[in-house]
Amino acid sequence: MADASKAYRDTLNLPTTAFPMKADLARQEPATVTRWETDRLYESLRTTRSGAPKFVLHDGPPYANGHIHMGHALNKILKDIIVRYRTMEGNDAPYVPGWDCHGLPIEHQVLKDLGAKKAGMSVLDIRQRCREYAARFVDIQRDEFKRLGVLGDWRRPYLTMTPEYEATIVREFGKIVETGNVYKGKKPVLWCPHDETALAEAEVEYADRTSPSIYVKFPVKNPKGKFSADASRGTFVAIWTTTPWTLVANQAIALNPREIYRLVRTPFGDLILAQRLAESCIKVFQEVDPGSYEVTEGAWAGDDLEGVVCGHPWLERDVPIILGEHVTLDQGTGCVHTAPGHGQEDYEVGLKYGLPVYAPVDHLGRFTQEAERFSGQRVFDANSPIITLLKERGRLLAETTIQHSYPHCWRCKKPVIFRATEQWFIAMDQAITDDGKTLRQRALEEIDRVAWVPKWGRDRIVGMMANRPDWCISRQRAWGVPIVAFSCGKCRAPLHSRAIADHVATQMEREGGSDVWYTKPAEELVPPGSTCASCGHTRFETERDILDVWFESGVSHAAVLKQRPELVWPADLYLEGSDQHRGWFHSTLLTSLLTDPCAPYRTVLTHGFVVDGEGKKMSKSAGNVIAPQEVIKQHGAELLRLWVAAEDYRDDIRISSAIMTQLVEAYRKIRNTCRFLLANLADFDPAHDAVTLDRVHDIDRWALHRLALLISRVRAGYDAYEFHTVFHALNNFCAVDLSAVYLDILKDRLYTEGSRSAERRAAQTVLDSILSALVRLMAPILSFTAEEIWGHLPAASRTAASVHLSKFPRPVPGWELAPDHAARWDRLFDVRAHVARALERARAAKVIGSSLEARVALYADGILRDALERDAGELPELFIVSAVTVEPSARRPADADALTTDLAATVTRAPGVKCGRCWIYRTDVGSDHRYPDLCGRCARVIGGQ
């Protein structure tokens, strides 16, 4: 219609709107963010929803170190989509963002920046530098999150380094101390020699590493009458290890009590190993010495060999055979070298047998003087000399290498070790309830009361909770909240209690935070009158370790949910990445169950990690990192929001230039569809021009039916947190139901009917209903675009100052068609699709040019013909042709186009003359002598005007 003859152009109702076709998002969005802030949109939302049912999504605090990355963007946008939807749905859904401000990542970067200057600085000086660093990146990240369109209480976020929050951390620690579950002991923990601190499970990443793989002989010294040792040949127990350096601390050899062990005669002595692994071990040994190997008649169950005494491969140390359920026969020899100071399972089995928790390794990962000849060597560097020594002593059976997954520090990316040190722990298997249930048991019970999205999240955290060791909550760093405990200056006995924690917490609140621990002497920190319970001494020393940052963020439910009046405890939803099953979801559950009767969350939703277009992990070294700032600069934050919604976040989420290009096209389709709707509502005032449902056309009823289905489908998607179904529903509705069908059909009525005619007003009424619903359906995702569209809506359609202050749409009663009526339209559109292909073939054969030049004759029988005859008056408009006839199949010409087995068609040029205004071929063109080149309808419209 854009090419209508100039003579009648001004008589057409051509679309007009100030809503731009080009979004220019990168330039326009910052102004919208500023307007939301100036208008205090977040505060208006709280006021508008005051008194409504609460929905609280509790924000997991990101680290305040560095600019945000794509994972941050994914996480915050998902949260924003949910909060916006819940607010529009009618909930009071406050969103209080937070930051984790303490811990190794920040201290590590500060010390790196200081370089040599750090040598002369006090702990307080370093803590002040860390505080300034964290505060700077809180401000940076806050602006970056706001730029994503994320609404929240950005003026009052929670920070783990504020005095109020730090005081809550200490009080929660005191409450847990009161349960009796906190203790100090020497146990093996994950230790980073580079960062010189213990690590939590959540602070460890696994990466492939090449390690030595060696088989070692332990000589049998005393068989305890279990068997006869061959003194001439030598009898040995064979072990396998990938950490030769831990042999320095070996204290025992563990066997599986129920497995069968055999004696294998070899060129280098008789070897005891598991029967099921004998064949595979012999193959390995034969590569070193291809001599003869014989499995002898002797056989023993593992528990028959308990108590046999071996000798250490090079040290003067007895090594007993013990039993352990942890011994598996996946690989190795079935005889496990045991060093209680360097492994959790070794430690646990060592406790049963009273073995020493021996770990001659310092905080830098170097052997101490106790390790004698290896003293001063870094443990990984000592592997090679230890293997050389084993060869010299004739104790090495075989040597190779193995590629395996090995724990690395999440911060420095270097391999970690297990090292027994004095640490503070929270016991997992000590009773915390009157009926004797342990923290582990309560956690596993509570996990089953929580809704997990996706459902596999439940299995993931159950596996971690069931097998985790006691929680090591101490760290050997400066930047954090101290463990509020003291040691007696005389007998070194520990002093810690809830009363002490509360006393110190009050000082922290009053005097500016946890720095008081470093500025005051112990006698001013302990409550007056404190004495040592062991010896009665009254002078104490402060604990130097700080709390694990996972403990700090883990008590946010107490520091935030319970403290902020606009929030509720427990939260309705926690939402973080899948790594938080062993991180925040884990720590917050444990801290909550030690002080409260249930989990701090009702539902837990997790998302995957962001990867590149090929599914590979992003890394600077690989050069495949895509930063959110780059996408925003090129496409705007709106495209990032669309990307988050379009992808299924339950798996790892891919992003690439190609993916963004596809989303640009999808966005353009949605935007241009809305622009078309706006452009055809320019002269429409819903308050005066809208018509009632009984006055709209049948095709309009179909459009409202599809709209009702869309609203139901989108609401279900938001409710189930399945935003990709929301995106696909919106995209399909705009691209297919509207652009390809309804709006295409509607153009003739919109452009050529009288501007105030009942026919056009009926169409506009439906368009207004569609746009009003569509803009609100997309608002949680396409927040910028929805706000822009909202500003261009007819005034009477804007029910609030912002689209985000409006109510989420619900289907209007009467919109959905009865099943038989809906089936009728499904049949008509199926026929329409077949006719469209026939028209295309006719166009290719030069029979017609545009579809309006066509006359379509349909040939069918029975029910189909009856149905088509009933709808014959609708078909020209539906097919966008000038004429349609329905004929019985008997009249079908030989050259008819078979559309289906029971439907055929012919396409010929339409009879009549082309109307100079609507371009439809009609036989009544010129019937009004005043307008010889117009059809009767167009003549009446112009004459009426």
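Figured I'd write up the structure that's included with this text. (Residues numbered from 1 in each chain as written. Predicted model: local features only at pLDDT ≥ 70, side-chain atom pairs only at ≥ 80, totals over all residues. Heavy atoms only, no water.)

Focus on the side chain of T603
1) Next: Examined against the element boundaries, T603 turns out to sit in strand β25 (residues 601-607).
2) Next: With a relative accessible area of 15%, T603 lands in the buried category.
3) Next: Those residues within four positions of T603 in sequence are excluded, and the remaining contacts are V450, A451, V453, D572, L573 and Y574. (Helix = DSSP H or I, 4+ residues; strand = E, 2+ residues; numbered from the N terminus. Buried < 20%, exposed > 50% of the residue type's maximum accessible area, 1.4 Å probe, protein only. Contact = heavy atoms within 4.5 Å.)

Examining the pattern of salt bridges
1) Next: Under the criterion given, the structure shown has 71 salt bridges.
2) Next: In this structure, the salt-bridge partner of R147 is E29, at a minimum N-O distance of 2.8 Å. Within this pair, whereas R147 is found in helix α6 (residues 123-147), its partner E29 is found in helix α2 (residues 25-38), the two being separated by 118 residues in sequence. Side by side, R147 and E29 carry an identical accessibility label, which is buried.
3) Next: When the shortest N-O distance is used, the salt bridge between D153 and R564 registers 3.1 Å. Highlighted residues: D153 in the loop between α6 and β3 (158-159) and R564 in the loop between α17 (556-561) and β24 (571-577), separated in sequence by 411 residues. Comparing D153 with R564, the two get one shared label, buried. (Salt bridge = Lys/Arg side-chain N within 4 Å of Asp/Glu carboxyl O.)

Here we look at the packing of aromatic side chains
1) Next: The final tally for this structure, using the stated rule, is 32 aromatic pairs.
2) Next: Relative to Y718, the ring of Y85 lies with its centre 4.7 Å away and its plane at 15 degrees, an arrangement referred to as stacked. Within this pair, whereas Y85 is found in helix α4 (residues 70-88), its partner Y718 is found in helix α23 (residues 698-719), the two being separated by 633 residues in sequence.
3) Next: A relative accessible area of 1% means that Y718 is categorised as buried.
4) Next: Ring pairing ties together the aromatic residues Y85, Y649, Y718, Y721, F723 and F808, which thus form one cluster.
5) Next: The residue whose ring lies beneath R209 is Y406, and the NZ or CZ to ring-centre distance is 5.7 Å.
6) Next: Between R419 and the ring centre of W191, over which it is positioned, the NZ or CZ distance is 4.5 Å. (Phe/Tyr/Trp six-rings, centres within 6.5 Å; stacked < 30°, edge-to-face > 60°. Lys NZ or Arg CZ within 6 Å of the ring centre and 35° of its normal.)

With respect to the sheet that holds strand β4 (residues 182-192)
The pairing of strands in a sheet comes from backbone hydrogen bonds and takes either a parallel or an antiparallel form.
1) Next: Read from one edge of the open sheet, 4 strands run β5-β4-β16-β18, paired in antiparallel fashion. Each end of this open sheet is capped by a strand with a single partner; those strands are β5 (197-198) and β18 (471-472).
2) Next: In terms of strand pairing, β4 meets β5 through 2 bridges, oriented antiparallel. By the bridge assignment, C192 is partnered in β5 with T197.
3) Next: The sheet strands contacting helix α9 (residues 344-353) are β4 and β16 (417-426), and the helix crosses β4 at an angle near 145 degrees. (Pairing = 2+ DSSP bridges. Axes fitted to C-alpha atoms, helices over the stretch in contact; angles between N-to-C directions.)

Considering the pairing of strand β13 (residues 318-323)
1) Next: Both strand β8 (residues 252-255) and β13 contribute to a ladder of 3 bridges, which runs parallel. In the strand pairing of β13, I253 is matched with I321.
2) Next: Relative to β13, strand β12 (residues 309-311) runs antiparallel, the two sharing 3 bridges. Of the residues in β13, the one forming a bridge with V309 is P320.
3) Next: Counting the residues in the hairpin turn of β12 and β13 gives 6 residues.

Topic: the nonpolar core
A general trend in soluble globular proteins is that nonpolar side chains are found buried together.
1) Next: Counting 155 residues, the largest nonpolar core has W643, Y742, L774, L858 and L868 as the members making the most contacts within it.
2) Next: The leading source of residues in this core is helix α24 (residues 723-752), at 15 residues.
3) Next: With 78 residues, the next largest nonpolar core counts C412, V516, W550 and L593 among its residues. (Core = buried A, V, L, I, M, F, W, Y, C linked by side-chain atoms within 4.5 Å.)

Considerations on the environment of P780
1) Next: Within the fold, P780 resides in the loop between α25 (758-778) and α26 (783-792).
2) Next: On the basis of relative accessibility, which here comes to 0%, the residue P780 falls in the buried class.
3) Next: With 24 residues separating them in the primary sequence, P780 and H804 have C-alpha atoms 7.9 Å apart.

Considering helix α19 (residues 628-635)
1) Next: Taken together, the buried positions of α19 are occupied by P628, V631, I632 and H635. In an axial view of α19, the angular spread of the buried residues amounts to 100 degrees, which keeps them on one side of the axis. The exposed residues of α19 that point more than 90 degrees off its buried face are K633 and Q634.
2) Next: In this structure, the buried residues of α19 make contact with α2, α4, α6, α20 (637-646) and α21 (657-679). (Arc of directions from axis to C-beta.)

A few points about the environment of G98
1) Next: Structurally, the position occupied by G98 is in strand β2 (residues 98-99).
2) Next: G98 sits 59 residues away from P157 along the chain, and the two C-alpha atoms are 5.2 Å apart.
3) Next: The contact partners of G98, leaving out residues within four places of it in the chain, are D59, P61, P62 and Y158.

A few points about unusual backbone geometry
Only a minority of non-glycine residues have a phi that is not negative, and only a minority of peptide bonds are not trans.
1) Next: With an omega dihedral of -5 degrees, the bond running from V453 to P454 counts as a cis peptide bond.
2) Next: Take P454: it is sitting in the loop between β17 (451-453) and α12 (456-467).
3) Next: Of the consecutive residues W569 and P570, the connecting peptide bond is found in the cis state with omega at -5 degrees.
4) Next: Examined against the element boundaries, P570 turns out to sit in the loop between α17 and β24.
5) Next: Despite not being glycine, K413 shows a phi value in the positive range, around 65 degrees.
6) Next: Of note, K413 is situated in the loop between β15 (396-409) and β16.

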